[in-house]
Amino acid sequence: MGRLSGKFAIITGAARGIGAGIARRYAAEGCALALCDLNAAGVEAFAAELRAQDVEVLALGADVTQRDSVQKFLDAAVAQFGQVDVLVNNAGIFFNAVFEDMSDEQWESMLKVNVTGVFLPSQIVIRHWLANDIRGAIVNLASISSLIAFTHSAAYGTSKAAVAGLTRHIALQYGPQGIRANAMAPGIIDTSMLPSQEDMQRWAQERIPLRRPGTPEDVAELALFLACDESRYLTGTIVPVDGGWLLD
């Protein structure tokens, strides 16, 4: 029996990168998956790859910043699986911007995707859990930027600090109903969101005690732990996945 056998998980932003890594890890532990991404073609192509491995997968294009889109996706997931047990809020965007030059549009887009895009799925899924007496688990993607500051990263860092704060509030509010919420704070992870491989390796050698960037698989291992019963007494935590970066 896998550690998530009989469970059903929603993962947002699942077409590639960390979201896809988490989906693969959950599937390996027997979890059925409802995957969404703004890139509808990309998430469907990834889902087809998983179905070829006999994984039960629903994949839809969805915009996590739009309530109707998120609700439609949840309704489809519940119609197929009967209920949802785990929500992974992975969808997000990243860019650097000099603070004094940042436009209103840049600021608002970062907060809309990275914060509203966690709020809406969380609220909608929690309503489902409360109505059906389900003791669910939320796994949010914060960032090391939620814990320390970086140059030209005010919007991103602020958005991820908000994710960390929201995680704690959900954990406190809904702990009595058996609903848990935790967040991961990845450091340098080898995905398409990062700069060049050369820059990434240099940063890893200079800043990270383990002397390498992380991988989506590294993050997925923690996401698995936070979703399964082994972490049943853990809620409201922000867990770094940073190779020891915060030690420096």
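Quick note: structure is the one above.
Remember, it's a predicted structure, so these values are computed and weren't measured experimentally. (Residues numbered from 1 in each chain as written. Predicted model: local features only at pLDDT ≥ 70, side-chain atom pairs only at ≥ 80, totals over all residues. Heavy atoms only, no water.)

K.L.:
Could you give an account of the side chain of T65, with specific residues and numbers?
P.N.:
Along the chain, T65 turns up in the loop between strand 3 (57-61) and helix 3 (67-81). Given the relative accessible area of 12%, T65 is considered buried. A distance of 3.4 Å separates a polar atom in the side chain of T65 from a polar atom in the side chain of Q66. Each residue touching T65, except ones within four places of it in the same chain, is listed here: K112, V113, T116 and L120. (Helix = DSSP H or I, 4+ residues; strand = E, 2+ residues; numbered from the N terminus. Buried < 20%, exposed > 50% of the residue type's maximum accessible area, 1.4 Å probe, protein only. Polar contact = N/O pair within 3.5 Å; in protein donor to acceptor, adjacent residues only side chain to side chain. Contact = heavy atoms within 4.5 Å.)

K.L.:
Report on the sheet that holds strand 1 (residues 8-12), specifying residues and quantitative values.
P.N.:
In space, the seven strands of this open sheet follow the order 3-2-1-4-5-6-7, with parallel pairing throughout. Edge strands, defined here as strands with exactly one partner in the open sheet, are strand 3 and strand 7 (238-241). Strand after strand, the sheet turns through a mean of 15° between neighbouring axes, direction not considered. Strand direction decides the pairing type here: strand 1 and strand 4 (residues 86-89), joined by three bridges, are parallel. What sits directly across from I11, in strand 4, is V88. Sheet contacts for helix 1 (residues 17-28): strand 1, strand 2 (32-37), strand 4, strand 5 (137-141) and strand 6 (180-186); angle to strand 1, the most-contacted strand, approximately 170°. (Pairing = 2+ DSSP bridges. Axes fitted to C-alpha atoms, helices over the stretch in contact; angles between N-to-C directions.)

K.L.:
So, the packing of aromatic side chains: which residues are in play, and what are the values?
P.N.:
Counted under the stated rule, the structure contains three aromatic pairs. Here F8 and F81 contribute two aromatic rings whose centre-to-centre distance is 5.1 Å and whose plane-to-plane angle is 25°, an arrangement assigned as stacked. Note that F8 is positioned in strand 1 and F81 in helix 3, a separation of 73 residues in sequence. Given the relative accessible area of 18%, F8 is considered buried. (Phe/Tyr/Trp six-rings, centres within 6.5 Å; stacked < 30°, edge-to-face > 60°.)

K.L.:
Which residues make up helix 7 (residues 216-227), and what are the values?
P.N.:
End to end, helix 7 covers 16 Å across twelve residues, agreeing with the expected 16 Å (1.5 Å per residue, within 8%). Where helix 7 is concerned, the buried positions are P216, V219, A220, L222, A223, L224, L226 and A227. Looking at the packing, one finds that the buried side of helix 7 touches helix 1, strand 4, strand 5, strand 6 and strand 7. (Expected span 1.5 Å × (residues − 1).)

K.L.:
Residues and numbers for empty space enclosed by the protein, please.
P.N.:
In total, this model carries one cavity of 30 Å³ or more according to the counting rule given. In this structure, the largest cavity spans a volume of roughly 60 Å³. In this structure, the largest cavity is lined by I10, T12, C36, A62, V64, V70, F73, L74, L87, P121 and V125. Looking at the lining of the largest cavity, the elements with two or more residues in it are strand 1, helix 3 and helix 4 (104-132). When grouped by side-chain class, the residues that make up the lining of the largest cavity number ten nonpolar, one polar and no charged. (1 Å grid on protein atoms, 1.4 Å probe; cavity = no way out; pocket = protein on both sides within 12 Å on 5 of 7 lines; lining within 4 Å. Points joined across faces, edges and corners; volume = space filled by probe spheres on them. Nonpolar A, V, L, I, M, F, W, Y, C, P; charged D, E, K, R; others polar.)

K.L.:
Residue-level account of the layout of surface pockets, with values.
P.N.:
Estimates place the volume of the second largest pocket at around 240 Å³. What lines the second largest pocket is a set of 14 residues, and nearest its centre among them are K7, R135, G136, R180 and D229. Tallied by class, residues from the lining of the second largest pocket come to five nonpolar, three polar and six charged.

K.L.:
An account of the pattern of salt bridges is needed here, citing residue identities and associated values.
P.N.:
Any two side chains of opposite charge can pair, on the condition that their charged atoms come close. As enumerated under the stated definition, the model contains seven salt bridges in all. A salt bridge links E44 to R51, with the shortest nitrogen-to-oxygen separation between them at 2.8 Å. Judged by its relative accessible area of 33%, R51 falls in the partly exposed class. Among the salt bridges present, the one from D218 reaches R212, with a minimum N-O distance of 2.9 Å. With a relative accessible area of 27%, D218 lands in the partly exposed category. Each of R25, E29 and E221 takes part in a single network of salt bridges with overlapping partners. (Salt bridge = Lys/Arg side-chain N within 4 Å of Asp/Glu carboxyl O.)

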